[in-house]
Amino acid sequence: MKNALLVLIALSITSFGFGQGNTHKQEGGKFEGLAMTPPMGWNSWNTFATNIDEKLVKETADIMVSSGLAAAGYNYIVLDDGWMTHERDANGDLVPDPQKFPSGMKALIEYVHSKGLKFGLYNCAGTKTCAGYPGTRGYEYQDARFYARLGIDFLKYDWCNTEGITAKEAYKTMSNALKTAGRPIVFSLCEWGDNQPWEWGKPIGNLWRISGDIYPCFDCEFKHPENWSSWGFMKIIDMRKNIRKYSGPDHWNDFDMMEVGNEMNDTEDKSHFAMWCMVASPLFTGNDYRKMSKETLAILTNKELLAINQDKLGIQGFKYKVIDGVEVWVKPLSDGAWAVSFLNRTDSLKKINFDWKKNNFKDSDFGFETDFSKTTFKLKDLWKNKEAGSTKKIFISEIASHDVITLKLTP
Ligand code: GLA
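Predicted model, so just to flag it, every value in this text is computed and none were measured.

1. Re the overall build of the chain
And step 1. Across its full length, the chain holds 12 helices and 20 strands.
And step 2. Its C-alpha atoms give the chain a radius of gyration of 24 Å, near enough to 22 Å, the size a compact globule of 411 residues would have.
And step 3. Counting only C-alpha atoms, the chain reaches 85 × 60 × 40 Å along its principal axes.
And step 4. With 411 residues in all, the chain has 53% of them scored as buried.
And step 5. Put simply, 69% of the contacts in the chain that link residues at least 6 apart link residues at least 24 apart.
And step 6. Accessible area for the chain stands at about 18,200 Å²; split by element, carbon and sulfur atoms hold 52% of it.
And step 7. Taking the average location of the 50 positive side-chain charges in the chain and that of its 52 negative ones, the two points are 6 Å from each other.

2. So, the site of the ligand
And step 1. Lining the immediate surroundings of the ligand are 13 residues, of which D80, D81, K156, D158 and D213 lie closest.
And step 2. The separation between an oxygen atom of the ligand and a polar side-chain atom of D80 is 2.6 Å.
And step 3. The separation between an oxygen atom of the ligand and a polar side-chain atom of K156 is 2.8 Å.
And step 4. Alone, the ligand offers 300 Å² of accessible surface; in the complex the protein occludes 95% of this.
And step 5. Partitioned by chemical class, the residues of the shell around the ligand number 7 nonpolar, no polar and 6 charged.

3. Here we look at the packing of aromatic side chains
And step 1. Here the structure, examined in full by the defined rule, presents 24 aromatic pairs.
And step 2. Here Y76 and F154 contribute two aromatic rings whose centre-to-centre distance is 5.4 Å and whose plane-to-plane angle is 50°, an arrangement assigned as tilted. In this pair, Y76 is assigned in strand β2 (residues 76–78) and F154 in strand β4 (residues 154–158), connecting sequence segments 78 residues apart. When sorted by exposure, Y76 lands in the same class as F154, which is buried.
And step 3. Taking 5.4 Å as the distance between ring centres and 70° as the angle between the ring planes, the aromatic pair formed by F372 and F377 counts as edge-to-face. Neither F372 nor F377 differs from the other in exposure class; each is buried.

4. A few points about the state of the cysteines
And step 1. In the structure shown here, the tally under the stated rule is 2 disulfides.
And step 2. Shown here is the disulfide that connects C217 with C220, its sulfur atoms set 1.9 Å apart. Between C217 and C220, the disulfide has an S-S torsion of -90° and is therefore left-handed.
And step 3. The class for C220 is partly exposed, based on a relative accessible area of 25%.
And step 4. Each bonded cysteine of the chain is numbered by sequence order, and under that numbering the disulfide pairs are 1-2, 3-4.

5. With respect to the side chain of K30
And step 1. When you line up the elements, K30 lands in the loop between α1 (2–26) and β1 (40–43).
And step 2. This buried residue, K30, is left without a salt bridge; D250 holds the nearest opposite charge, at 4.0 Å.
And step 3. Within the local environment of K30, its side chain forms a polar contact with the backbone oxygen of G205, the two atoms lying 3.0 Å apart.
And step 4. Not counting the four nearest positions on each side in its chain, K30 is found in contact with S175, K179, K202, P203, I204, G205, N206, D250 and H251.

6. With respect to the sheet that holds β1
Two strands in a sheet stick together by hydrogen bonds in their backbones, pointing the same way (parallel) or opposite ways (antiparallel).
And step 1. Pairing within the open sheet is parallel, and its 8 strands lie in the order β9-β6-β5-β4-β3-β2-β1-β10. Of all the strands in the sheet, the pair left with one neighbour each is β9 (252–254) and β10 (283–285). Strand-to-strand twist of the sheet, defined as the mean angle between neighbouring strand axes without regard to direction, takes the value 25°.
And step 2. Across 3 bridges, the pairing between β1 and β2 is parallel. Among the inter-strand pairings, G41 is bridged to a residue of β2, identified as Y76.
And step 3. The strands touched by helix α3 (residues 54–66) are β1, β2 and β3 (118–124); relative to β2, the strand with the most contacts, the crossing angle is about 160°.
And step 4. Each of β2 and β3 is contacted by helix α5 (residues 105–114), which is oriented at about 140° to β3, the strand it contacts most.

7. As for helix α6 (residues 140–150)
And step 1. Burial of α6 is extensive: 8 of the 11 residues sit out of reach of the surface.
And step 2. Within α6 the residues assigned to the buried category are E140, Q142, D143, A144, F146, Y147, A148 and L150.
And step 3. Looking at the buried side of α6, the elements it contacts are α5, β3, β4 and α7 (167–181).
And step 4. Among the residues trailing α6, G151 stands out with phi positive, at a value near 90°.

8. Describing the environment of K319
And step 1. As for its position among the elements, K319 is in strand β11 (residues 318–323).
And step 2. Overall, K319 belongs to the partly exposed group, its relative accessible area being 36%.
And step 3. Put simply, K319 and S341 are 22 residues apart on the chain and 9.3 Å apart in space, counted from C-alpha to C-alpha.

9. Here's the deal with the UniProt feature "domain: Alpha galactosidase C-terminal" (unreviewed entry) in the chain
And step 1. In the numbering adopted here, UniProt assigns the feature "domain: Alpha galactosidase C-terminal" (unreviewed entry) to residues 324–409.
And step 2. From the first C-alpha to the last, residues 324–409 spans 23 Å; its make-up is 0% helix and 50% strand.

What counts as what
Every chain is numbered independently, its residues counted from 1 as its sequence is written. Local features in this predicted model are restricted to residues whose pLDDT is 70 or higher, and side-chain atom pairs enter the listing and the counts only when it is 80 or higher, whereas totals over whole chains, interfaces and linings include all residues. Water and hydrogen atoms play no part in the side-chain values, which are based on all heavy atoms of the structure. Put simply, DSSP H or I for four residues or longer makes a helix, DSSP E for two residues or longer makes a strand, and each gets a number counted from the N terminus. Our radius of gyration looks at C-alpha atoms and nothing else; its globule reference is 2.2 Å times the residue count to the power 0.38. Only protein chains enter the accessibility calculation, which uses a 1.4 Å probe; a residue whose area is less than 20% of its type maximum is buried, one above 50% is exposed, and one in between is partly exposed. Contact definition: two residues touch when any of their heavy atoms are within 4.5 Å. All accessible-area figures derive from a Shrake-Rupley calculation using a 1.4 Å probe, and residue coverage is judged against the displayed protein chains alone. In this tally, Lys and Arg are treated as positive and Asp and Glu as negative; His is ignored, and so are the chain termini. Note that the charge is assigned to NZ on lysines, CZ on arginines, CG on aspartates and CD on glutamates. Near residues are defined by distance, with any heavy atom within 4 Å of the molecule or strand qualifying the residue. Between N or O atoms, a polar contact is any pair within 3.5 Å; within protein, one atom must be a potential hydrogen donor and the other a potential acceptor, and residues adjacent in sequence are included only when both atoms are from side chains. Three categories are distinguished: nonpolar for Ala, Val, Leu, Ile, Met, Phe, Trp, Tyr, Cys and Pro, charged for Asp, Glu, Lys and Arg, and polar for the others, with Gly belonging to the last. Under the pairing criterion, centres of Phe, Tyr and Trp rings, with the six-membered ring standing for Trp, must be within 6.5 Å; the plane angle then separates stacked pairs below 30 degrees from edge-to-face pairs above 60, leaving the rest tilted. Sulfur atoms of two cysteines make up a disulfide when they are within 2.5 Å. By definition here, a salt bridge exists when the distance from a side-chain nitrogen of Lys or Arg to a carboxyl oxygen of Asp or Glu is within 4 Å. Strand pairing is defined by DSSP finding a minimum of two bridges between the two strands. Every axis corresponds to a line fitted to the C-alpha atoms, with the helix fit spanning only the stretch in contact, and the corresponding angles, defined between N-to-C directions, vary from 0 to 180 degrees. UniProt positions are given in the numbering used here, feature names are shortened, and annotations may be inferred rather than shown by experiment.

Below is the structure:
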């Protein structure tokens, strides 16, 4: 009896000891503080899919710097799916495709770093990536060490070919693997919002996709033959309800890489960009910088819009009201300011006649509200870069189909 008791005590001490060890390793948590404002950069997927190579990366990095995009805040170059060969090497390591990257991935990353930029790669929690390259399942710690050795700064981690595994656990495992490998790497979860990552993603990653893939249109659904859909940017904006309270500094709802400069016209691109700023989405450009028009560049580098996206409160804006097909979006900003966007969702020109005093904003998730009868705000039109009166007067304007007006309200 006495012996049995001793054995029991010894066992529980041992298992307590193991438990501690494991807990320490498994609860590593993400690298904190790597994305205190929505991360900004370029991702290869929207324009190039798997047709990527070192020339493209170098030219993109060069233009990111020479065009002013880097100075505006875009600093991550992320290679999406298609950077590897179809087999791991004899050690089980991933192999950057030597035909696409003849100078080697490490040299390419050093080139990007030498420009003052950061570098990201893509993989998938499943057995294969969405485009059929080796996935990370079963190789989490090995791949994390591989990325740390290469010197990457950002990992997008996708969700194809994941039958039988649990999203939260799979993302947690990779997050812990990155932490253990020791190099600070922004961890970008991409499981399309299927498993409510906003509810569990905060200790695990710095951003998480909330939708399936974007499509370069205003409001369409593009049905792929294999039975899945890509979405116009307004469809993504509409897709999730009541998740804004989960987004904030270092843990962002990610509305997907942008399609600005791809197939929409400049008016729609403007609206797309304004909405990504209003909802504090990560801002990854997805266009070909080598063919970028000056209008596209001007949209992407609009300083005042970017300041709304990058505001340090990090609050995701919300739809306040719809008036005759014109959506009114508002976003609390630091120092008591607000951003307001009017977006004409209809196919015809609309008149705006907005009486501030009859429209006080109330953000019940974050506890901000306006009282326009007591506090007057001055208005600035951020697309015209022009003062626009104050909230004492009714705001009167016209707005073209699919266009946006964005105002900053300063008390
Ligand atoms: C998924 C992701 C996309 C892209 C592709 C790559 O569809 O959602 O953003 O990474 O895979 O295959």
